Amino acid sequence: MIKDLIHSAFDEESKPFWDGLMNEKLLIQYCSDCHQYIFYPRTICPHCFSEDISWQESCGNGRIYSYTVVHQAFGQFKGDTPFVVGIIELDEGVRMMSRIIGDKEQIAIDQPVSVVFAKVENELVLPYFQVT
Amino acid sequence: MKSDRIAAIVGVAESDIGKIPGKNVLQLQAQAAKSALEDAGLTKNDIDAVFTAGNWAWAPNLMLAEYLGIQPKFTDSTNIGGSSFEAHVGHAAAGIEAGLFEVALITYGSTNRTNPSNSTFKSPLTAQYELPYGLPTPVGAYALAAMRHMHQYGTTSEQLAEIAVATRKWALLNEKAYMKEPIEIEDVLNSRKIADPLRLLDCCLVTDGGGAVIVASKNVASKLNKKPVWILGHGESHSHNTIANMPDLTVTSARESGKRAFEMAGITQDEIDVAEIYDSFTITVLLTLESLGFCKPGEGGAFVSGQRTAPGGDFPMNTNGGGLSYCHPGMYGIFLLIEATRQLRGECSSRQVENAKLALVHGTGGVLSSTSTVILGGD
Ligand SMILES: [Zn+2]
């Protein structure tokens, strides 16, 4: 189970993010003091140390900053190869790691992508992306 | 050169390296420490500072120093991955300059090949945002950087392969090297795909092994038999932890650590005679050469082409055969220091770089996360 890898890290800081995904919302944070978006979730702004941070729903659109086709994976991901992992730069300016799904021929750096809510397990929805 | 002679590397040694079943990490470090002391002409009782990095104990310094029977006046367990040991050298030089101690022992040991340690933490904390996607680490992270560099600058797999081939040529001149067969560019390009664009021969070895480095004050160093290898400059930094948080996938914090090391030493890139640059993957070297200012951003591919870093080339690099072909027991940084010291002492027989007076040693740790640079000078 993928959730077994991470559920011990679920706490008050990260829970809104994971709960949001269960409701098909990609939540990121916004700092009202320095007006910058934040990902991953924190209780203090890494840009200005403000604690005036709020959750906002991302538009879910962005671009591929980089990607790799994985041919050799470990553990429970072994059987998934080949699969594509990328770093997505959302339109809000923050970057996140994700899987990029869909036609591999279309996958390229700078290609626009949008979020797809993938129910990978009963209790786990992940924000995957596909080329738009 | 403006740097004062304050501290020097006076002893270096590897433990057994390669496949070493039946030896644990403490045995390997003890073996290396004893040999490094003999190399220096010092004894255990001369050591008053202890440095190590590892994930084989909750507080490695405590276990190691107890095992070796040392009660240090100064202790440092800085762990920033493979570049930890270059940071240790910098910290040791600073401690000696501050008058806190005179002789430091730096060690590393790993049984990565025969008995990999499975350090698991109660919570992955911020890694929770990356673990679910199955990226194999560290290789997948370096692949993301390589892909971006290729996109931005047109760097090719052939150019990355140049590094692997040149490094293997050095390994063939080092009897201790793990890999014994020559390779060609085509062999790298035809090796098994791991994570695009990286293939098996773009990746470092997985071996057992340990090493030790003794750093001493000028006062101690000048009384020893072997010529001291002076620590002329050092710098360290880290820019991120996980790869999605790397500010620019094509630039490492070598830009900062290298700049500070060069400034402290008062020398420039073109004065370096031999470079020992962490080669966890071929792309690690290419990014590092650019970030250290040996060439401009995007020119790393051209810089390594035509076997310029091979024996006989005009930029001798990774002269022991590197993490790609000599040994790589998890955190390789200590072996870079060992080789640079031997080069500056002129102890490298068939792989000796002629007239090597100034060496650059550069460690990279994590997923391009941390860097430490040390500039060393012969006596
Ligand atoms: Zn802020």
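Throughout, residues of each chain are indexed from 1 in the direction in which the sequence is written. In the order they appear in the text, chains get letters beginning with A and ligands get numbers beginning with 1. In keeping with the model being predicted, local features are shown solely for residues with a pLDDT of at least 70 and side-chain atom pairs are shown and tallied solely at 80 or more, while totals for entire chains, interfaces and linings include all residues. Derived side-chain values reflect all non-hydrogen atoms in the structure, with water molecules and hydrogen atoms excluded from consideration.

Asker: Honestly, the overall build of chain B in this entry has me stumped. Any pointers?
Answerer: Broken down by element type, chain B carries 12 helices and 11 strands. The quantity called the radius of gyration is restricted to C-alpha atoms. Its globule counterpart is 2.2 Å times the number of residues to the power 0.38. Whereas a compact globule of 379 residues would reach a radius of gyration of roughly 21 Å, chain B reaches 19 Å, a difference of no more than 12%. Its C-alpha atoms give chain B principal-axis dimensions of about 55 × 50 × 35 Å. Here the term buried applies to any residue with accessible area under 20% of the maximum for its type, exposed to any over 50%, and partly exposed to those in between, with areas from a 1.4 Å probe on protein chains only. Expressed as a percentage of its 379 residues, the buried residues of chain B come to 63%. Accessibility throughout is a Shrake-Rupley quantity obtained with a 1.4 Å probe, and a residue counts as covered only by protein chains that appear here. Counting only carbon and sulfur atoms, one obtains 50% of the accessible surface of chain B, whose full area is about 14100 Å². Starting at the N terminus, helices and strands are each numbered in turn, a helix being any DSSP run of H or I of at least four residues and a strand any DSSP run of E of at least two.

Asker: I tried to follow the pattern of salt bridges on my own but got confused; where do I start?
Answerer: Pairs may arise between side chains of opposite charge once their charged atoms sit close together. Whenever Lys or Arg places a side-chain nitrogen within 4 Å of a carboxyl oxygen from Asp or Glu, that contact is recorded as a salt bridge. Tallying each qualifying case throughout the model produces 17 salt bridges over all chains. Connected via shared salt-bridge partners are B:Asp39, B:Lys226, B:Arg345 and B:Glu347.

Asker: What's the story with the pairing of strand E6 (residues 95-101) of chain A in this structure? I'm lost.
Answerer: Each regular strand carries side chains that alternate between the two faces of the sheet. All names here are of chain A. Judged by how many residues are buried, E6 sits mostly within the fold: six of seven residues are covered. Judged from the five bridges that link them, strand E5 (residues 83-90) and E6 form a sheet pairing that is antiparallel. Bridged to Gly 86 within E6 is Ser 98. Here E5 hands over to E6 after four residues, with Gly 93 in that stretch at a positive phi of 105°. Two strands qualify as a pair provided that DSSP identifies no fewer than 2 bridges between them. Note: E6 against strand E8 (residues 124-131), two bridges, orientation parallel. Following the sheet pairing, Ile 101 is matched in E8 by Gln 130.

Asker: Which parts of the structure should I look at to understand unusual backbone geometry?
Answerer: Trans peptide bonds make up most of the peptide bonds, and negative phi angles are found at most residues other than glycine. With an omega of 5°, the peptide bond between A:Phe39 and A:Tyr40 qualifies as cis. The residue after B:Thr137, namely B:Pro138, is reached through a cis peptide bond having omega 5°. With respect to the helices and strands, B:Pro138 occurs in the loop between strand E4 (103-110) and helix H4 (139-153). Unlike most non-glycine residues, B:Leu125 shows phi in positive territory, near 45°. Within the secondary structure, B:Leu125 is located in the loop between E4 and H4. Relative accessible area serves as the criterion here: at 56%, B:Leu125 is assigned to the exposed category. We note that B:Leu368 has phi near 60°; this positive angle belongs to a residue other than glycine. Assignment of secondary structure puts B:Leu368 in the loop between strand E10 (358-365) and strand E11 (370-377). On the accessibility criterion, B:Leu368 (0% relative accessible area) is buried.

Asker: What is the right way to look at the coordination of the zinc ion in this model?
Answerer: Reference geometry at the metal: tetrahedral coordination by four donors gives ideal angles of 109.5 degrees; octahedral coordination by six donors gives 90 or 180 degrees. Residues and elements named next belong to chain A. Because no water is among the atoms considered, metal sites can look incomplete, with donors defined as N, O and S atoms within 2.8 Å of the metal, or 3.2 Å for Na, K and Ca. For the zinc ion, the protein coordination sphere consists of Cys 31 (SG), Cys 34 (SG), Cys 45 (SG) and Cys 48 (SG), at 2.3 Å. Between 85 and 135 degrees for all angles marks four donors as tetrahedral; over 155 degrees for opposite donors together with 65 to 115 for all other angles marks four donors as square planar and six as octahedral; every other arrangement is irregular. In this structure, the zinc ion is coordinated by four donor atoms arranged in tetrahedral fashion, with angles at the metal of 105 to 114°. Residue classification places Cys 34 among the partly exposed positions, given a relative accessible area of 22%.

Asker: What is the right way to read the sheet that holds strand E7 (residues 209-217) of chain B from this model?
Answerer: Sheet strands pair via backbone hydrogen bonds, and the direction of the pair is either parallel or antiparallel. Residue and element names in this part refer to chain B. Overall, mixed pairing links the nine strands, which are arranged E3-E2-E4-E7-E1-E8-E11-E10-E9 in an open sheet. Since the sheet does not close on itself, it has two edges, and those belong to strand E3 (74-76) and strand E9 (274-277), each with one partner. In this sheet, neighbouring strand axes are inclined to one another by 25° on average, regardless of whether the strands run parallel or antiparallel. In this sheet, E10 lies alongside E9 in parallel orientation, the contact comprising four bridges. By the bridge assignment for E10, Val 274 is matched with Ala 359. Packing of helix H1 (residues 25-40) onto the sheet brings it into contact with strand E1 (7-14), strand E2 (49-52), E4 and E7, and relative to E1 it is tilted by some 130°. Any two residues whose heavy atoms approach within 4.5 Å are treated as being in contact. Every axis corresponds to a line fitted to the C-alpha atoms, with the helix fit spanning only the stretch in contact, and the corresponding angles, defined between N-to-C directions, vary from 0 to 180 degrees. Of the strands in this sheet, strand E8 (229-238), E10 and E11 are in contact with helix H8 (residues 254-265), which crosses E8 at around 150°.

Asker: So what exactly am I meant to see when it comes to the interface of chain B and chain A here?
Answerer: For interface size, the figure often reported is the accessible area lost on association. Taken together, the 32 residues of chain B in the interface contact 37 residues of chain A. Buried surface area refers to the total accessible area, computed with a probe of radius 1.4 Å, that the two partners give up upon joining, counted for both partners together. Taken together, both faces of the contact between chain B and chain A bury some 3000 Å²; the carbon and sulfur share is 63%. Of all residues in chain B, B:Tyr129, B:Pro132 and B:Tyr133 give up the largest surface area on contact with chain A, accounting jointly for 26% of the area buried on that side. If you look at where chain B meets chain A, you find one salt bridge.

Asker: Can you walk me through the layout of surface pockets in this structure?
Answerer: Gaps left between atoms show up when a probe the size of a water molecule is rolled over them. Every definition here rests on a 1 Å grid over the protein atoms only: cavities are sets of points where a 1.4 Å probe fits but cannot get out, pockets are open sets enclosed by protein on both sides within 12 Å along at least five of seven lines, and lining residues have some atom within 4 Å of a point. Grid points are joined across faces, edges and corners, and a volume is the space filled by probe spheres set on the points. One number sums up the size of the second largest pocket: a volume of about 320 Å³. The wall of the second largest pocket is formed by 14 residues, among which A:Phe39, A:His47, A:Val94, A:Arg95 and B:Asn245 lie closest to the centre. Gly counts as polar in this scheme, as do all residues outside two lists: the nonpolar Ala, Val, Leu, Ile, Met, Phe, Trp, Tyr, Cys and Pro, and the charged Asp, Glu, Lys and Arg. For the lining of the second largest pocket, the class distribution of residues is eight nonpolar, four polar and two charged.

Asker: Where do I start with the UniProt feature "domain: ChsH2 C-terminal OB-fold" (unreviewed entry) in chain A in this structure?
Answerer: UniProt positions are given in the numbering used here, feature names are shortened, and annotations may be inferred rather than shown by experiment. Here the UniProt-annotated "domain: ChsH2 C-terminal OB-fold" (unreviewed entry) positions come out as residues 55-117 of chain A. Secondary structure across residues 55-117 of chain A divides into 0% helix and 54% strand, with the first and last C-alpha atoms of the span separated by 18 Å.

Asker: Quick question: what am I supposed to make of the environment of B:Ser110 here?
Answerer: Residue and element names in this part refer to chain B. Its place among the elements puts Ser 110 in strand E4. Taking the relative accessible area as the measure of exposure, Ser 110 reaches 6% and is therefore buried. Leaving out residues up to four positions away in the same chain, Ser 110 has contacts with Val 25, Leu 28, Thr 207, Asp 208, Gly 209, Pro 329 and Gly 330. Separated by 3.0 Å, the side chain of Ser 110 and the backbone nitrogen of Asn 112 make a polar contact. For the purposes of these results, a polar contact is taken to be a pair of N or O atoms within 3.5 Å, where, inside protein, one atom must be able to donate a hydrogen and its partner to accept one; residues adjacent in sequence count only when each atom of the pair is a side-chain atom.

Asker: Explain empty space enclosed by the protein to me, please; I cannot follow it from the model alone.
Answerer: Considering all chains together, one arrives at one cavity of 30 Å³ or more under this definition. Put simply, the largest cavity is a space of about 60 Å³. A:Phe39, A:Tyr40, A:Arg95, A:Met96, A:Met97, B:Thr126, B:Tyr129, B:Glu130, B:Thr242, B:Ala244 and B:Asn245 are the residues that line the largest cavity. In terms of residue class, the lining of the largest cavity is built from six nonpolar, three polar and two charged.

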